[in-house]
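Summary of structural features
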Amino acid sequence: MAEQTLTSEAWPVGLAEELIAWRRHLHRHPELSFQENRTAGFVEDILRGIDGLIVSRPTPTSVLARLIGSRPGKTLALRADMDALPIQEENTFEFASQTPGVMHACGHDGHTAMLLAAARLLAARRERLHGEIRFIFQHAEERLPGGAAELVEAGVMEGVDWVVGEHLASQLPVGQIGIAYGDMMASPDNFTIVIKGYGGHAGYPHKTVDTIAVGAQIVSNLQHIVSRLADPLDRLVISVTQFTAGSSHNVIPDTAVLKGTVRSFGERVRADARDRLHRIAEGIAAAHGAQVEIEYVYGYHPVVNDESVTHVLEEAAIELVGKEAVIHVPPGMGGEDFSAYQRKVPGTFVNIGAGNADKGIVYPHHHPRFTFDEDALQIGVRLFVLAADKLLEWERSR
Ligand code: NI
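First things first, this report covers the structure right here in the doc. Just so we're clear, the structure is a prediction, and the values are computed from it rather than from any experiment.

Scoring rules and cut-offs
- Residues numbered from 1 in each chain as written.
- Predicted model: local features only at pLDDT ≥ 70, side-chain atom pairs only at ≥ 80, totals over all residues.
- Heavy atoms only, no water.
- Helix = DSSP H or I, 4+ residues; strand = E, 2+ residues; numbered from the N terminus.
- Rg over C-alpha atoms; globule rule 2.2 N^0.38 Å.
- Buried < 20%, exposed > 50% of the residue type's maximum accessible area, 1.4 Å probe, protein only.
- Contact = heavy atoms within 4.5 Å.
- Areas by Shrake-Rupley, 256 points an atom, 1.4 Å probe, with all protein chains shown as cover.
- Lys, Arg positive; Asp, Glu negative; His and termini not counted.
- Charge placed at Lys NZ, Arg CZ, Asp CG, Glu CD.
- Pairing = 2+ DSSP bridges.
- Axes fitted to C-alpha atoms, helices over the stretch in contact; angles between N-to-C directions.
- Donors = N, O, S within 2.8 Å, 3.2 Å for Na, K, Ca; no water.
- 1 Å grid on protein atoms, 1.4 Å probe; cavity = no way out; pocket = protein on both sides within 12 Å on 5 of 7 lines; lining within 4 Å.
- Points joined across faces, edges and corners; volume = space filled by probe spheres on them.
- Nonpolar A, V, L, I, M, F, W, Y, C, P; charged D, E, K, R; others polar.
- Domains from an automatic or database assignment.
- Parallel < 35°, antiparallel > 145°, perpendicular 65-115°, else oblique.
- Left-handed = near helix turned anticlockwise from the far one by under 90°.

Brief notes about the overall build of the protein
- Per the secondary structure count, the protein includes nine helices and 17 strands.
- Here the protein has a C-alpha radius of gyration of 24 Å; the compact-globule value for 398 residues is 21 Å, and the two agree.
- For the protein, the proportion of its 398 residues judged to be buried stands at 53%.
- Put simply, 80% of the contacts in the protein that link residues at least 6 apart link residues at least 24 apart.
- Of the roughly 17100 Å² of accessible surface on the protein, a fraction of 51% belongs to carbon and sulfur atoms.
- Distance from the positive charge centre (36 side chains) to the negative charge centre (51 side chains) of the protein: 2 Å.

Next up, the structure:
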């Protein structure tokens, strides 16, 4: 390998400032999933200003840049997501969202800025590259069916050998990098159960089929899927997050609606949970003379990191921040559509520490006061560059 890594080379004058400026611009102008029109335009303009990139729009609000080296070789895809959330920002800093009710509350503004800077740095080395780097600026990570699946469908992964994604993480202190081998994030599936009974006077329950009483039974029996039916060693959570019914003190409603999420790793656990949910809801409804209509929507696939790619990224992370600052993160029950790329090629998803209690940067992702330490951005850029350095072949002699 090289005596000098690509990340140790000096950054062009002004790039560090631009990185912050891009992030703040994106933060000021957040856009919801599948509506990232300004964002994609902004990204495309910057990429078109970088020599050596072939820029296209695989879907209306995503951007792809291809960096084809001087000689053939392997292909690495690097991915950033670009969408914001339907949250009213409560931060008061100067670059807070100017769009009411929409906010970059997950750090995707940072991901986009980091990948732009990485594209700039790597494009400057195109002559030495054997193979190709694909920069994927993805739309709609936050909303089903997700942008990643659309991009895979559009062919962005064709000919790709590996994929690497990064996520800023406010729960990890800035300066740390979180690595996960194997299971990292769950498949987030959603369900809606509509319970249909027979409404009536609350003083005469025997003349009704009480959908609230039936719904309460379903909620508590769904808890048995995890505690009594699933293998205790399987990773599975079922949460009922919405229970809507009724409109007054003295009327038993004829309809109740339950909504919630099922999160798991692996197809067997996932399918079993879905079947058991159906069986419990239908069985309880039948026992009480009610009916149910169940809508069960499969969300993203679980994020499962490839052993060998993760190992390369771990080495890169250690080079960048030191062994003590590289944390092995346990699997979590959140979801990410990065998994759509991983179903095509081996890849890994890395957490870039971005919290800082000293600066008051303590709020979780999707909180109206979420933000991240901008010092994390350079670490993310360097890790992208170092991943390309290690996974691909470069001419070292120049
Ligand atoms: Ni996110």
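Describing the sheet that holds strand β13 (residues 291–297)
- Read across the open sheet, the four strands follow the order β10-β12-β8-β13; overall the sheet is antiparallel. If you trace the sheet from one side to the other, it starts and ends with β10 (236–245) and β13, each paired once. Averaged over all adjacent pairs, the angle separating strand axes in this sheet is 20 degrees, with direction ignored.
- Across nine bridges, β10 lies against strand β12 (residues 255–264) in antiparallel orientation. Bridge pairing links F243 to L258 in β12.
- In this fold helix α5 (residues 211–229) packs onto β8 (187–196), β10, β12 and β13, with an angle of close to 170 degrees to the strand it touches most, β10.
- Taken strand by strand, helix α6 (residues 267–287) contacts β8, β10, β12 and β13, and its axis lies near 165 degrees from that of β13.

Brief notes about the coordination of the nickel ion
- Each protein donor to the nickel ion is listed here as C106 (SG), H108 (NE2) and H167 (NE2); together their distances run 2.2 to 2.3 Å.
- Along the chain, the residues that donate to the nickel ion are spaced as C-x1-H-x58-H. Both residues of the pair, C106 and H108, count as buried.

Side note on the layout of surface pockets
- Here the largest pocket defines a volume of roughly 690 Å³.
- If you go around the largest pocket, you meet 27 residues; those closest to its centre are M185, R263, G334, G335 and E336.
- Secondary structure elements with two or more residues in the lining of the largest pocket: β5 (162–173), β7 (182–185), β8 and β16 (347–355).
- Per-element tally for the lining of the largest pocket: the top contributor is β5, with four residues.
- In terms of residue class, the lining of the largest pocket is built from 13 nonpolar, nine polar and five charged.
- No fewer than three residues from each of domain 1 (8–184 + 302–396) and domain 2 (187–297) sit in the lining of the largest pocket.
- One number sums up the size of the second largest pocket: a volume of about 150 Å³.
- In this structure, the second largest pocket is lined by L144, P145, A149, Y298, G299, Y300, H301, D337, S339, A340 and R343.

Focus on the packing of helix α1 (residues 15–28) against helix α9 (residues 375–391)
- Packing of α1 against α9 brings their axes to within 10 Å, and their N-to-C directions diverge by 110 degrees. The pairing of α1 with α9 is recorded here as roughly perpendicular in orientation. Crossing geometry of α1 relative to α9 is assigned as right-handed. Residues A16, L19, I20 and R23 of α1 lie in contact with α9, whose contacting residues are L377, Q378 and V381.
- A breakdown of the residues in the contact of α1 with α9 according to their chemical character gives five nonpolar, one polar and one charged.

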